[in-house]
Each structure stands twice: as structure tokens, then as C-alpha cells.
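Each chain, letter by letter, is given below.
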Amino acid sequence: MDNQRIAQVFQEIGDILEIQGANRFRVLAYQKAALTISEMGEELKDLYKGEAKELEKLPGIGKDLALKIEELVTGGKCTYHQELLKKFDKGLLDILRVRGIGPKKVKLFFEELGVNSIEKLRKAAKDGKLRELPKMGEKSEAEILVALDEFEKHSERMMLSEAIHQKDLILEYMKGCKDVKKLEYAGSLRRMKETIGDLDILCVSDKVEKVMDYFVKYEHVANVIAQGATKSSVILDIGVQVDLRVVPAESFGAAMHYFTGSKEHNVALRDYAKKHGMKVNEYGVFKGEKMIAGKTEKEIYKLFGLPYIPPVLRENRGEMEAARKKKLPKLVEFEDLKGDLHVHSEWSDGVDEIGDIARAYRDAGFEYIALTDHSPAVGVANGLTPDRYKKQWKEIDKVNKELEKESPKKGEFVILKGTECDIMPDGSLNLPDSILKKMDIVVASVHSRFKMSEKEMTERVLKAFKNPYVTQFGHPSGRLINQREPYAIDMNKVIEAAVDLGIALEIDGQPSRLDIFDYHAKIAKEKGAKFTVDSDAHAIGQMQFLHYGISVAQRGWLEKEDVLNTLSLKKLLKFWEKRRRT
Ligand code: DGT
Ligand code: CA
Ligand code: CA
Ligand code: ZN
């Protein structure tokens, strides 16, 4: 069992005891131990070495706690914790996490109103029941409703796009503090994970107190959770947690590495270090007591004879092994993209005119786009009928001619004729072949009947793949982050069929999609699949969604050769031409 989980167990014991009204010092002992353990660089299971006595050397850990840790690291369970949970309603622990509600109130609400879940608490507050309880009133009831909203917002993970935005704002603010010598962000955001739990910021300063004071005064701070000598945590008004750590300059690289994670990657590197007779933690790399590296991340990897592993790969999905064999992928970059193959215009549910869209992409340095307005579909506004597509083609031809006249001054640019065609529940495409065959690009997507069984959905998609005009499978999982789970589908079968048939899997860069999943991309690449990285833009400014798409591609280990829209237009069309002839 790792430190984080052990800390959680102790935190839970502390909380339960507190709600039950146990002795304050007992409660505090568990809470303090939880904090100490969660902040430790070294894993308890490594420190333990078969002797509980070793653990008693840690601050705040006495004999009793040491024995509990021993139980946890050896068996993954703590008897006392299990006993407590048997007689305790776990919903009460959730309620305790709501801002402003302490153990006394949890107890009160439960005993008086039977409130043992967040939902029941919300209902009781809405029904005006809380205000009637002792020491409560209308105002405190209203405050609980506000805190509940905050709680729910915070319990969701942030979208990558939102996290980047918040990070930019707070770094900009922190740069205004003259005592900050060095400033970087780490955590899952640096790994460009699709969703972010909290923001992690690191800095170097000789005046820690001043920096911490400055940090908690950020105008968007709603709540200061902790303000300490090395770490402070705040909740922003939008419900996002930000952790700031001040670290020694000579340890900056080691801290960046440690707090970039992932935890699993850290564990893998630590094991690797151990095999080489070294120790690595957030302060540096050590041989015996002597620190031999830590100022930069690069020197840490180098010390182990490894090439630099980019943060997007640090998920313990084989990157250590690949690094050791000098087989890390040469990741695809945004600059490699020559076009965007999934773009909507005002003809369906987008907002811009074809000419404006094309010129914007051209001026940004791209060589082509595919206009892929929707076919008529449930839940999609303004889907195009065959007749409307024919009209659109005339418009595309017209704009392409204009663009040709504007070149070579501005560089060559071509708009491809495409569609995002719905895959109907029975697996047919809702446009006739006579239309599809005149398209350069056919993105086939599922936009309806998401609740089919895995077998039905897989058959539905595989049937659509049989249509020889389909070039790519749009947003393959169908999930919407924080809104809709992926539909059930056998992704392995889908990947195999796509490889066989030369259909590309799309990486949709829309912030709420980021779809196909990074780990499916990695599996698919290993099976020889090709991909497109698209924006799915519905407005010109959304061209930048390609950046998010690229981050997913990188997290899926994709290289330039794996992504079709890094090809020149001629080579791209040739790739699919083969398939149409068969
Ligand atoms: P998030 O915030 O849930 O999106 O994910 P992260 O990866 O940003 O996680 P966070 O903020 O809890 O911690 C930042 C990094 O600190 C994490 O990626 C790795 C490191 N870290 C945190 N806890 C532990 C731990 O118990 N053991 C090790 N080895 N590393 C940890
Ligand atoms: Ca984080
Ligand atoms: Ca954090
Ligand atoms: Zn779509």
C-alpha cells in the first residue's frame, strides 16, 4: 500500500472518531499522521524493512500508529479502520468534506433528520429543514447550499483547456511577486492529461513567507486550505484547488520531476534508481547521504543513463523500458500538421463562412482543410441533405478558385469536400453512396442511440466501416468529459477493422471530447492504425483545439508517420484512394 492510501485510512479514522465525539487528542493524532504521511517523499513500505520500530522514528508516529502502518504495508488493511467502518455510515464522511460543515453538524443533521448523503443534505437545505435545527438559521442554511454547489463543482475534474487557462492566469499573477525567483507548473497539467484534478505550482524563493502571503491574496481565492512553510493550498472561486510549493534551488529539477508525476512513473524511476544503488526523491538523487543531482530534470535522467522522458509519456506505460532501450517515440508535434480534416461551417452547426474559415487556416500556415458539415441527424442542428451538399460543393469550388488566384503570394491552399456522416443505429450511413463517393473525406460518427449493448454498438460501427467511402471514424468513444460516459464498444475489434480497411481513427481535439482515448491510441498504433488529429471546430478560433488533439496524440505515443494529416495533400488522398478501388 502506498503513502497516499495509508494517509487516507488515517484521515478517515480521524474523521470518524471526530464525528463520534471521541477525545480531541486522539482525533488530532490521526489527522496529523495523515498529513505527515501524505507529504513524505519516501514510501513507508520502503522505510518499514520488516520492523515497525523503524517507523517510530517518524515525527508524530508512536507505537500504536507504527503497528497500524505495519498492518497496512504488509496486508493492505487496518483492522481498527475496518471495525470502525462496519458501524459507520460512509456518506457522513462526504458531508464532512463540504466547506463549513464540521463533525458536530454532521452529527446533528444525521441524528435529527437522518441526513447521511450529499443528496439528502441538499434536499433538507432546499426544503428549509436545516434552519429549524439548534444553532442554525436561514443564513447558515443558504451558506450550506452555496458550499454544496462548490463541492459538486470541485468533485469533477477540470477539463484540460480550463486548467491551462487557470494556470496561465495564476502564473501571470505570481510573476508579479518580486520574491519569486523561479516559477513553473507541474502535475497532471504538465503531462497534458485530459482532465486535471488540481494545479501544482513550484517556485524558488528566499522569502517563503512573503511568497505564501502573496499567493493566498490572489483575487480569485475563495478559501485557503493551508498556508505553510513549504506548501500552501487554496480553492479558487471556480472550485479549483491550487497547490503552491516553495523548493530549494538546488532541488528544483528533482521537485519538478516528483510533482510532475505521474505517481506511477515516479515509483518506476525510484525502483530503477534503487537497482543502481541510488535514491531519488523530491529533493534530488542521492548516493548514500550525498546528493549527486537534482538541479534539472535532464541531469536526473542522464545520471541513470536514460534520455529525457517528456512529461506526456510519464504514465508508467512502458516509457522506462523504452528509454532504457533508446526506443522512445519521436512524438508528433503541432508544427507537423498540414491540415485539419474535421471542420464545421455555418452550413450546418458552425458559425463561419467557408471563405473566412479557409483563409484563416491558410494564413495560419496550413495547406488544406476538409469541410465536414453534418448530415441530417438527431440532435444536430441544420444537417445537410444531398441537395444542400451539392450546393455546398459549388461554393467550395468557387472559394478554391479564389484562393488559387490569391496564391502563390499567400501559398497554396485547398478546401476538401467532406461530411461528418451519421452512423445510423442499424449501421447504415445516412447519406446515399452517390453523394458519399463524390466526397474527398467522409468522417463517420455516432451521434445517437448511445445506450446500445456493446455487441450491438460494435456491429453498428463495423457495418459502417464496410462502406468503401468512409475515410475516418469520428470521435471513436463518444464520451463527453464530465457529461457523458463513452458508449459500450469493443474498441479492440474496432481498431483491428480500422487497420484492415485503412480507415483512420480520429483524435478529436474538442476540449470536452479528446477522443480517441490516449491509451487506445497507443494500442492502436502498436497494431498499425493510422490517425487524424482534428479540431472539430465550429468557429474559426477553435482551430486551436488542434493543440489539445496533439497532446492526446503525444500521450498515445504517436509519431508523425502515424498521423495522416501531416502528409501533403497528394499523399493523403492517395492513402485512401487505394481503399476506394477495392
Ligand atoms: P491530478 O491533480 O489528480 O490531476 O493528478 P496529479 O498527477 O497532478 O497528482 P497530484 O496533484 O495529487 O500530485 C502531483 C504529483 O506529485 C503526482 O503526479 C506525483 C507526485 N505525488 C503525489 N503523491 C505521491 C505519492 O504518494 N508518491 C509518489 N511517488 N508521488 C506522489
Ligand atoms: Ca495535480
Ligand atoms: Ca496537487
Ligand atoms: Zn461529431
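In this convention, every chain numbers its residues from 1, walking through the sequence in written order. Working convention: letters from A go to chains and numbers from 1 go to ligands, in the order in which they are written. Reporting of local features is limited, given that this is a predicted model, to residues whose pLDDT is at least 70; pairs of side-chain atoms are given and counted only at 80 or more, and all residues count toward the totals for whole chains, interfaces and linings. Processing note: side-chain calculations cover all non-hydrogen atoms of the structure and skip hydrogens and water entirely.

Caption draft 1: Expanded view of the packing of helix α18 (residues 354–363) against helix α19 (residues 386–406). Between N-to-C directions, angles cover 0 to 180 degrees, with each direction set by a line fitted to C-alpha atoms, over the stretch in contact for helices. Secondary structure elements follow DSSP: runs of H or I no shorter than four residues count as helices, runs of E no shorter than two count as strands, and numbering proceeds from the N terminus. Remark: α18 packs on α19, axes separated minimally by 10 Å, with the N-to-C direction vectors making an angle of 40 degrees. Compared by their axis directions, α18 and α19 come out oblique. For the pair α18 and α19, the crossing hand works out as right-handed. Here α18 contributes Ile354, Gly355, Ala358, Arg359 and Arg362 to the contact with α19, which in turn contributes Gln392, Glu395, Ile396, Val399, Glu402, Leu403 and Glu406. Residues are grouped as follows: Ala, Val, Leu, Ile, Met, Phe, Trp, Tyr, Cys and Pro are nonpolar; Asp, Glu, Lys and Arg are charged; all remaining types, including Gly, are polar. Taken together, the residues that form the contact of α18 with α19 break down as five nonpolar, two polar and five charged. Should an angle fall under 35 degrees it is called roughly parallel, over 145 degrees roughly antiparallel, and 65 to 115 degrees roughly perpendicular, with every other angle called oblique. Take the far helix as your reference; a near helix turned counterclockwise from it by less than a right angle gives a left-handed crossing, and one turned clockwise gives a right-handed crossing. Any pair of residues with heavy atoms lying within 4.5 Å of one another is described as a contacting pair.

Caption draft 2: Structural context of the sheet that holds strand β10 (residues 290–293). As summarised here, the arrangement of the three strands in space is β8-β9-β10, forming an open sheet in which the pairing is antiparallel. Each edge of the open sheet carries a strand with a single partner, namely β8 (279–281) and β10. Each strand axis lies, on average, 35 degrees off the axis of its neighbour in the sheet, ignoring direction. In this description, strands pair whenever DSSP reports at least two bridges between them. Taken together, the three bridges between strand β9 (residues 284–287) and β10 define a ladder with antiparallel strand orientation. Residue phenylalanine 286 lies in a different strand from β10, and its bridge partner there is methionine 291.

Caption draft 3: Structural detail: the packing of aromatic side chains. Only Phe, Tyr and Trp rings take part, Trp by its six-membered ring, and two of them pair if their centres are within 6.5 Å. Stacked means planes under 30 degrees apart, edge-to-face means over 60, and tilted covers everything else. Applying the stated criterion across every chain, the model contains 14 aromatic pairs. Arranged with centres 6.4 Å apart and planes meeting at 25 degrees, the rings of tyrosine 30 and tyrosine 80 form a pair that is stacked. Of this pair, tyrosine 30 sits in helix α2 (residues 24–39) while tyrosine 80 sits in helix α6 (residues 79–86), and the two are 50 residues apart along the sequence. With a relative accessible area of 5%, tyrosine 30 lands in the buried category. Each residue gets one of three labels from its accessible area relative to the maximum for its type: buried under 20%, exposed over 50%, partly exposed in between, using a 1.4 Å probe on protein chains only.

Caption draft 4: Molecular detail of the coordination of the calcium ion (ligand 2). Sites may look incomplete because water is not among the atoms; the donors themselves are N, O and S atoms within 2.8 Å of the metal, or within 3.2 Å for Na, K and Ca. Protein-derived coordination of the calcium ion (ligand 2) comes from Asp198 (O), Asp198 (OD) and Asp200 (OD), at a distance range of 2.2 to 2.6 Å. Classification of the site at the calcium ion (ligand 2) as irregular follows from its six donor atoms and the range of 69 to 170 degrees in their angles at the metal. Residue aspartate 200 is classed as buried on the basis of its relative accessible area of 11%. Only two sets of limits are used to name each site, 85 to 135 degrees for every angle of a tetrahedral four-donor site, and over 155 degrees for opposite donors with all other angles from 65 to 115 for a square planar four-donor or octahedral six-donor site, with any other site named irregular.

Caption draft 5: Fine view of the pairing of strand β7 (residues 241–246). The element β7 is extensively covered by neighbouring structure, given that six of its six residues are classed as buried. A two-sided burial pattern is seen for β7, the buried positions comprising Gln241, Asp243 and Arg245 on one face and Val242, Leu244 and Val246 on the other. Sheet analysis places strand β4 (residues 199–204) next to β7, joined by five bridges and oriented parallel. Residue pairing in the sheet places cysteine 203 in a bridge with valine 246 of β7. Two elements, strand β6 (residues 231–236) and β7, share five bridges in a ladder whose sense is antiparallel. Across the sheet, the residue bridging to serine 232 is leucine 244, located in β7.

Caption draft 6: Seen up close, the environment of asparagine 565. With respect to the secondary-structure elements, asparagine 565 resides in the loop between α24 (545–555) and α25 (569–581). Under the relative-accessibility criterion, asparagine 565 is labelled buried at 0%. Between the alpha carbons of asparagine 565 and phenylalanine 465 there is a distance of 20 Å; along the sequence they are 100 residues apart. Dropping the residues within four chain positions of it, asparagine 565 is found in contact with Asp336, Leu337, Lys338, Gly339, Asp340, Leu341, Tyr368, Phe531, Thr532, Val533, Asp534 and Leu572. Within the local environment of asparagine 565, its side chain forms a polar contact with the backbone oxygen of glycine 339, the two atoms lying 2.9 Å apart. Two N or O atoms form a polar contact when they lie within 3.5 Å of each other; inside protein one atom must be a possible hydrogen donor and the other a possible acceptor, and for residues adjacent in sequence the pair counts only when both atoms belong to side chains.

Caption draft 7: Structural context of the site of ligand 1. The environment of ligand 1 is made up of 18 residues, and the closest members are Gln4, Arg157, Ser188, Gly197 and Asp198. Only the protein chains shown count as cover for residues, and all accessible areas are computed by the Shrake-Rupley method using a 1.4 Å probe. Against a free-state accessible area of 590 Å², the protein chains account for coverage of 82% of ligand 1. Those elements that place two or more of their residues in the shell around ligand 1 are α12 (187–190), α14 (252–260) and α15 (263–275). Of the residues belonging to the shell around ligand 1, the class tally is three nonpolar, eight polar and seven charged. What makes a residue near a molecule or strand is one non-hydrogen atom of that residue sitting within 4 Å of it.

Caption draft 8: Up close: the sheet that holds strand β5 (residues 221–227). A sheet is described by the order of its strands in space; here five strands give the open sequence β2-β4-β7-β6-β5, paired in mixed fashion. Edge positions in the sheet fall to β2 (182–185) and β5, since each has one partner strand and no second. Within the sheet, the average angular offset between the axes of one strand and its neighbour, ignoring direction, is 20 degrees. Sheet strands touched by α14: β2, β4 and β7. Its angle to β4, the strand with the most contacts, is close to 175 degrees.

Caption draft 9: Representation of a positive patch on the surface. Exposure above 30% relative accessible area and the absence of a salt bridge qualify a residue for a patch, where like charges join within 9 Å and nonpolar side chains (Val, Leu, Ile, Met, Phe, Trp, Tyr) within 5 Å. The salt bridge criterion pairs a side-chain nitrogen of Lys or Arg with a carboxyl oxygen of Asp or Glu, the two atoms within 4 Å. Residues scored as charged are limited to Lys and Arg (positive) and Asp and Glu (negative), so that His and the chain ends carry no count. Note on charges: their place is set at NZ of Lys, CZ of Arg, CG of Asp or CD of Glu. A cluster of basic residues, Lys570, Lys571, Lys574 and Lys578, forms a positive patch on the protein surface. Tracing the backbone shows lysine 571 in helix α25.

Caption draft 10: View of the side chain of histidine 447. Considering the arrangement of structural elements, one finds histidine 447 in the loop between β14 (441–445) and α21 (454–465). Residue histidine 447 is classed as buried on the basis of its relative accessible area, which comes to 14%. Side chain to side chain, histidine 447 and aspartate 422 meet in a polar contact 2.9 Å long. Separated by 3.3 Å, the side chains of histidine 447 and histidine 475 make a polar contact. Contacts of histidine 447, omitting those with residues within four sequence positions, involve His374, Val378, Val380, Glu420, Asp422, His475 and Arg513.

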